[in-house]
Amino acid sequence: MQRVTKHFFILLNILLLFSIASPLQAQSYKDLKFKPLEFKPPPVDRVELANGMILFLAEDHELPIVNISAKIRTGGIYEPADKVGLAELTGIVMRTGGTQSRTPEEINEELEFMASTIETSIEDESGSAGLFTLKKNLDKSLEIFADILMHPAFDKDKVELAKAKALEAIRRRNDSPQGIAQREFQKLIYGKTHPLARTTEVETINNISRDDMVDFHKKYFHPNTILLGITGDFNKAEMIEKIEKVFAGWEKVNVDYPEVPPVDTQVKSTIALFDKDINQANIIIGHLGTKITNPDYPALRILDEILGGGGFTSRLYKKVRNDEGLAYGIYSNFEAGLRDYGTFEVVLQTKTESTREAVDAVIDQIKRLTQTEVSDEELQVAKDQYMNSFVFRFDTRSKIVQRKMLYEYYGLPADFLEKFRDKVLNVTKADVLRVAQQYLHPDNLVIMVVGDRSKIEKDLASLGPVTILSKS
């Protein structure tokens, strides 16, 4: 019997060896075949509390930790035009400025002792807050987290420190050519006074007072303006009870949000040059993008993968960088805005002397997509690449929960994530050509260049009138 068992295991090991080695026997990497990755996100529970706060909960007992992230209905788009920077500074000083019952130093010491972290911030279209803690320190950490959200003190010294850092950032913002190109491109696309493009200035920062921050927080921070995503080692019922306890007495309030002007969708052809004494040109070429609710967005994602979003396999990378040698780095991004329109951008850096040639090469690749269908191989590679990266964007419960919160925040369907994947898989070559012809405008582009004016302006002028942007 022992002999039979021994032979059985030898045979089993040989079969396993062959099954494992089969991919290695392929003659080329192109011969390797793998099963499509499956995407089955874990369930996430959605609970709305009596005070209007919405919770997204996903238990994960692998490690004794808890992650909590808040998304708050606020943003820089709601700040007054003469106080640009107010929202960002409010988000910073909420965390650094203590609470009505704890000094900044006490909060830092307590969190450090427990190895917990709490961060807050406010971006253009939303506010954020995050708590990471060990399970054993959850109660105390959660108490501080709620205290910061409800009762920030906005310590005067911390307010002045945050303003000083903002002014220093303004002083240094022209140090980075890429930063200049992005900032000025956004202004050309949206208009320099639109909330999605306007920038902080010395005057707007100086206009901001501690009282402004107190008022901004008072207006936008209420339980019914907050989505809370919770993942980690906890029991759902117990966690809901803890959340209700630490936020007890915080009443819901109807917020009157200022109207945000819609984006002007008329495509405006512009060539702009920012003079900077550097030996290469930083270029962004593009126009307005689309909204995430656009039913053509899945096809636009695949189009973008083929054009320049797909890295080494994209047309821009292979043609403009590898074949023509006209770019150090190059990529495209056809962005879908969540609230309003995003932007379509091709970003590259090239030698000063080859600026015009690089611009021509990019425009040529954009035109080609509008003229003929992509190949079967390009379509399949783009789908595989996008879907494989898609799966790894949601490889933790925390990422899944945050994505669910994002969709709720912008009023998208709860199953948007799952359905979007299926729509991408169904995109055809005809779809890609159709959306290229509808949404790409190679004859009506915004071309933003940062580089040496004395060596670039003449070449750019052969494309059309060049606007020289002033240094600010």
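Before any of the text, the structure's been laid out above.
Below, the structure is looked at part by part. No experiment lies behind these values; they were computed from the predicted model shown.

Reading the values: rules and limits
- Residues numbered from 1 in each chain as written.
- Predicted model: local features only at pLDDT ≥ 70, side-chain atom pairs only at ≥ 80, totals over all residues.
- Heavy atoms only, no water.
- Helix = DSSP H or I, 4+ residues; strand = E, 2+ residues; numbered from the N terminus.
- Contact = heavy atoms within 4.5 Å.
- Salt bridge = Lys/Arg side-chain N within 4 Å of Asp/Glu carboxyl O.
- Buried < 20%, exposed > 50% of the residue type's maximum accessible area, 1.4 Å probe, protein only.
- Pairing = 2+ DSSP bridges.
- Axes fitted to C-alpha atoms, helices over the stretch in contact; angles between N-to-C directions.
- Patch = residues over 30% accessible without salt bridge, like charges linked within 9 Å, V, L, I, M, F, W, Y side chains within 5 Å.
- Areas by Shrake-Rupley, 256 points an atom, 1.4 Å probe, with all protein chains shown as cover.
- Lys, Arg positive; Asp, Glu negative; His and termini not counted.
- Charge placed at Lys NZ, Arg CZ, Asp CG, Glu CD.

### Some details on the environment of Tyr-386
Point 1. Along the polypeptide, Tyr-386 turns up in helix 13 (residues 376-392).
Point 2. Sequence separation between Tyr-386 and Leu-445 is 59 residues, and the spatial gap between their C-alpha atoms is 26 Å.
Point 3. Ignoring sequence-local partners within four residues, the contact set of Tyr-386 consists of Arg-301, Glu-305, Arg-393, Phe-420 and Val-424.

### Quick look at the pattern of salt bridges
Point 1. A complete count under the given rule lists 29 salt bridges for this structure.
Point 2. When the shortest N-O distance is used, the salt bridge between Arg-46 and Glu-408 registers 2.8 Å. Residue Arg-46 is located in strand 1 (residues 45-48), and its partner Glu-408 is located in helix 14 (residues 397-409); the two are separated by 362 residues in the primary sequence.
Point 3. Since its relative accessible area comes to 41%, Arg-46 is described here as partly exposed.
Point 4. Exposure remark for Glu-408: the relative accessible area of 24% places this residue in the partly exposed category.
Point 5. The partner of Arg-434 in a salt bridge is Asp-431, and the shortest N-O contact between them spans 4.0 Å. Of this pair, Arg-434 and Asp-431 both sit in helix 16 (residues 429-439), separated by 3 residues, roughly a single helical turn.
Point 6. Here Asp-431 falls in the partly exposed class, since its relative accessible area comes to 23%.

### Some details on the sheet that holds strand 13 (residues 446-451)
Point 1. With respect to topology, 6 strands assemble into an open sheet ordered 10-12-8-13-7-14, the strand pairing being mixed. At either end of the open sheet lies a strand with only one pairing partner, and these are strand 10 (329-334) and strand 14 (467-469). Ignoring strand direction, the axes of neighbouring strands in this sheet form an average angle of 20°.
Point 2. Its contacts with the sheet place helix 6 (residues 177-190) against strand 7 (270-275), strand 8 (280-288), strand 10, strand 12 (343-351), strand 13 and strand 14, and it is angled at close to 25° to strand 8.

### Quick word on a negative patch on the surface
Point 1. A grouping of Glu-105, Glu-106, Glu-109 and Glu-112 is seen on the molecular surface, where their side chains present a negatively charged patch.
Point 2. Summarising the element assignment, Glu-105 is placed in helix 3 (residues 104-114).

### Comments concerning the pairing of strand 6 (residues 226-232)
Point 1. Across the 7 residues that make up strand 6, a large majority, 7, are buried.
Point 2. Side chains Ile-226, Leu-228, Ile-230 and Gly-232 project from strand 6 onto one buried face, and the interleaved Leu-227, Gly-229 and Thr-231 project onto a second face that is buried too.
Point 3. In this structure, strand 2 (residues 54-59) lies alongside strand 6, joined through 6 bridges in parallel fashion. Across the sheet, residue Glu-59 finds its bridge partner in strand 6, namely Gly-232.

These figures come from the coordinates and say nothing about function on their own.
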